[in-house]
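# Analysis of the macromolecular model
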Amino acid sequence: MLHEYDATNDKCPLPLVKMRVILKKMQANDKCSISIADKGSKNDIPKYLSKAGYPFSSTTLDNGVVELLIENR
């Protein structure tokens, strides 16, 4: 299952908090796609994912939005 969260209008720490809730609900082979625009979230979320051991890929769009695709660990 793909969980999608558009956090482009949310400010830190809300995207991190909501993403953590989604990650806890994920089951085997689930993925999460999150779009973030907030500067703090762009910094904090990849750090959190790396520290927690979640594999993810990151793409920066032309408008500065970062899209993350997170796999369940």
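Keep in mind the model is a prediction, meaning the values are calculated, not measured.

### Some points on the overall build of the chain
Counting secondary structure elements, the chain contains 2 helices and 4 strands. Along the chain, helices (α) and strands (β) appear in the sequence β-α-β-α-β-β when read from the amino end. Relative to the 2.2 N^0.38 estimate, which gives 11 Å for 73 residues, the radius of gyration of the chain is 11 Å and therefore close to what a compact globule would have. With respect to the principal axes defined by its C-alpha atoms, the chain has extents near 30 × 20 × 20 Å.

### Some thoughts on the nonpolar core
In summary, soluble globular proteins display a tendency toward joint burial of nonpolar side chains. Residues M19, I34, I45, L49, L68 and I70 are the most contacted members of the largest nonpolar core, which totals 16 residues. Listing elements by their share of this core, those giving two or more residues are β1 (2–7), α1 (14–25), β2 (31–36), α2 (39–52) and β4 (66–71). Per-element accounting of this core gives the leading share, 4 residues, to α1. Not counting residues within four places of it along the chain, the set of residues in contact with M19 comprises Y5, I34, I45, Y48, L49 and I70.

### Topic: the sheet that holds strand β3 (residues 56–60)
Here 4 strands make up an open sheet; going across it, the order is β1-β2-β4-β3 and the pairing mixed. The sheet terminates laterally at β1 and β3, the two strands that pair on one side only. Neighbour-to-neighbour, the strand axes of the sheet open up by a mean angle of 15°, direction not taken into account. Taken together, the 6 bridges between β2 and β4 define a ladder with antiparallel strand orientation. If you follow S35 over to β4, its bridge partner there is E67.

### What about the environment of K51?
You can see K51 is positioned in helix α2. On the basis of relative accessible area, K51 is assigned to the exposed category, the value being 78%. Along the backbone, K51 and D10 are 41 residues apart, and their C-alpha atoms lie at a distance of 23 Å.

### Section: α2
For α2, built from 14 residues, the straight-helix expectation of 20 Å at 1.5 Å per residue is met to within 8% by its first-to-last C-alpha distance of 20 Å. Packing partners of the buried residues in α2 comprise α1, β2, β3 and β4. For α2, the side-chain oxygen to backbone nitrogen distance between the N-cap and G40 is 3.3 Å, and the N-cap itself is D38. G53 sits one or two residues past α2 and shows a positive phi near 85°.

Procedures and definitions
- Residues numbered from 1 in each chain as written.
- Predicted model: local features only at pLDDT ≥ 70, side-chain atom pairs only at ≥ 80, totals over all residues.
- Heavy atoms only, no water.
- Helix = DSSP H or I, 4+ residues; strand = E, 2+ residues; numbered from the N terminus.
- Rg over C-alpha atoms; globule rule 2.2 N^0.38 Å.
- Core = buried A, V, L, I, M, F, W, Y, C linked by side-chain atoms within 4.5 Å.
- Buried < 20%, exposed > 50% of the residue type's maximum accessible area, 1.4 Å probe, protein only.
- Contact = heavy atoms within 4.5 Å.
- Pairing = 2+ DSSP bridges.
- Axes fitted to C-alpha atoms, helices over the stretch in contact; angles between N-to-C directions.
- Expected span 1.5 Å × (residues − 1).
- Polar contact = N/O pair within 3.5 Å; in protein donor to acceptor, adjacent residues only side chain to side chain.

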